[in-house]
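Structural description and commentary
Here is how the chains run, residue by residue.
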Amino acid sequence: METPKRDAHARELAATRAFFAERAAGWDGKFPDDSPRYAAAIAETGLTEGQFVIDAGCGTGRALPLLRAAVGPSGTVLGLDLTPEMLAQATAHRADAVLLQADCTRLPLPDAVADLVFGAGLISHLPGPATGLRELARVTRPGGRLALYHPVGRAALAARHGRALTPDDLRARDRLFPLLTSAGWNPLSYTDDPDRFLVLAERARPERA
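In what follows, the accompanying structure is described. All residue numbers refer to positions counted from 1 along the written sequence of the respective chain. With pLDDT at 70 or above as the cut-off, local features in this predicted model cover only qualifying residues; side-chain atom pairs require 80 or more to be listed or tallied, and sums for whole chains, interfaces and linings still use all residues. Processing note: side-chain calculations cover all non-hydrogen atoms of the structure and skip hydrogens and water entirely.

1. Here we look at the overall build of the chain
Helix and strand labels come from DSSP, where a helix needs a run of H or I of at least four residues and a strand needs a run of E of at least two; each type is numbered from the N terminus. Counting its regular elements, the chain contains eight helices and seven strands. At 16 Å, the chain has a C-alpha radius of gyration in line with the 17 Å of a compact globule built from 209 residues. Its C-alpha atoms put the chain at 50 × 40 × 35 Å along the principal axes. Relative accessible area decides the class of each residue, using a 1.4 Å probe on protein chains only: under 20% of the type maximum gives buried, over 50% gives exposed, and in between gives partly exposed. Expressed as a percentage of the 209 residues in the chain, the buried residues total 49%. Residue pairs in contact within the chain that sit at least 24 positions apart in sequence constitute 66% of those at least 6 positions apart. Each accessible area value is a Shrake-Rupley result obtained with a 1.4 Å probe; residue values ignore everything except the protein chains displayed when judging cover. Summing over all exposed atoms, the chain offers an accessible surface of approximately 10,100 Å²; the carbon and sulfur share of this is 53%. Residues counted as positive are Lys and Arg, residues counted as negative are Asp and Glu, and His and the chain ends are not counted. All charge positions are set by atom: Lys at NZ, Arg at CZ, Asp at CG, Glu at CD. Averaged over its 25 positive side-chain charges, the chain has a centre that lies 3 Å from the centre of its 25 negative ones. It is over C-alpha atoms that the radius of gyration is taken, and the globule rule equals 2.2 Å times the number of residues to the power 0.38. Working rule for contacts: check all heavy atoms of both residues, and any pair within 4.5 Å makes them a contact.

2. Overview of the side chain of Asp55
Tracing the backbone through its elements, the reader meets Asp55 in strand 1 (residues 52-56). A pairing counts as a salt bridge when a side-chain nitrogen of Lys or Arg comes within 4 Å of a carboxyl oxygen of Asp or Glu. Buried and without a salt bridge, Asp55 has Arg62 as its closest oppositely charged side chain, separated by 8.6 Å. What Asp55 contacts, discounting residues up to four positions off in sequence, is Ala63, Leu64, Leu67, Leu78, Gly79, Leu80 and Phe118.

3. Regarding the environment of Leu179
On the secondary structure map, Leu179 appears in helix 8 (residues 173-182). Classification of Leu179 by relative accessible area gives buried; the value is 17%. The spacing of Leu179 and Ala130 is 49 residues in sequence and 6.4 Å in space, taken between C-alpha atoms. With near-sequence residues (within four places) excluded, Leu179 lies in contact with Pro129, Ala130, Leu133 and Leu170.

4. Topic: the pattern of salt bridges
Side chains bearing opposite charge may pair, as long as their charged atoms lie close to each other. Per the stated rule, a full pass over the model turns up seven salt bridges. Measuring nitrogen to oxygen at the nearest pair gives 2.5 Å for the salt bridge that ties Asp115 to Arg141. Here Arg141 lies in strand 5 (residues 140-150) and Asp115 lies in strand 4 (residues 114-120), a separation of 26 residues in the sequence. Exposure remark for Asp115: the relative accessible area of 16% places this residue in the buried category. Residue Arg141 is classed as partly exposed on the basis of its relative accessible area of 28%. Ionic contacts of the salt-bridge type, sharing partners, join the residues Asp111, Glu135 and Arg138 into one network.

5. Things to note about the environment of Leu133
Looking at the element boundaries, Leu133 is found in helix 6 (residues 129-138). Of the residues examined, Leu133 reaches a relative accessible area of 0% and is grouped as buried. Spatially, the C-alpha atoms of Leu133 and Ala164 are 25 Å apart, while their sequence positions differ by 31 residues. Sequence-distant contacts of Leu133, defined by excluding residues within four places in its chain, comprise Ile123, Leu126, Leu146, Leu179, Leu180, Ala183 and Trp185.

6. Digging into the packing of aromatic side chains
By convention, a stacked pair of Phe, Tyr or Trp rings (six-membered ring in the case of Trp) has centres within 6.5 Å and planes under 30 degrees apart, an edge-to-face pair has planes over 60 apart, and any other such pair is tilted. In total, this model carries five aromatic pairs according to the counting rule given. Ring geometry for Tyr190 and Phe197: centres 5.6 Å apart, planes at 90°, overall edge-to-face. For the pair Tyr190 and Phe197, a shared accessibility class is recorded, and that class is buried. Taken together, the ring pairs connect Tyr38, Phe118 and Tyr149 into an aromatic cluster.

7. Some points on helix 4 (residues 64-71)
Taken together, the buried positions of helix 4 are occupied by Leu64, Leu67, Arg68 and Val71. Taken around the axis of helix 4, the buried residues stretch over an arc of 105°, which confines them to a single face. Directly beyond the C-terminal end of helix 4, a positive phi value near 70° is found at Gly72. The directions from the helix axis to the C-beta atoms form the arc being described.

Encoded structure:
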């Protein structure tokens, strides 16, 4: 990575850490009723018992018990987050998952280990979304899945932040699908309803010679 790009990446990481660090303690109190929506989204991913799931950008760990229930005691749940303060809140779920502080664009994991990457609210916080999506593809087995989720749709989220939706919104289908494809994912479905945003994609399989 060239120095200007490396510096910009470091600045984005620092800004993301600072943003979530000051909000970590009160994060769950802001969204107390999201668990049923998370559970419904996880049910649609196809996750099954015994599989390896990564919660990328796990935050305070709200999804970790639900992911553990889906993979059962024989499965593996790994919660990754950039912000130590968020992971400190997630320690309540240590029985449900292994927790690891990590940058999702540079994961300390081998290739093709995950059956599913679950990213709630992740895509807009990746420093360089294309780089992050490629890294998530690297650690996912061919045929494994990616779930990009938010418990409200794009319009509701924009209104929450006091802005209007624009065509260059990163989560717009026409922008996100080409980004996923270029990063090694085959888009499967796109849902943008008032009460949820859910995109499912499959890790591309190697072409046969």
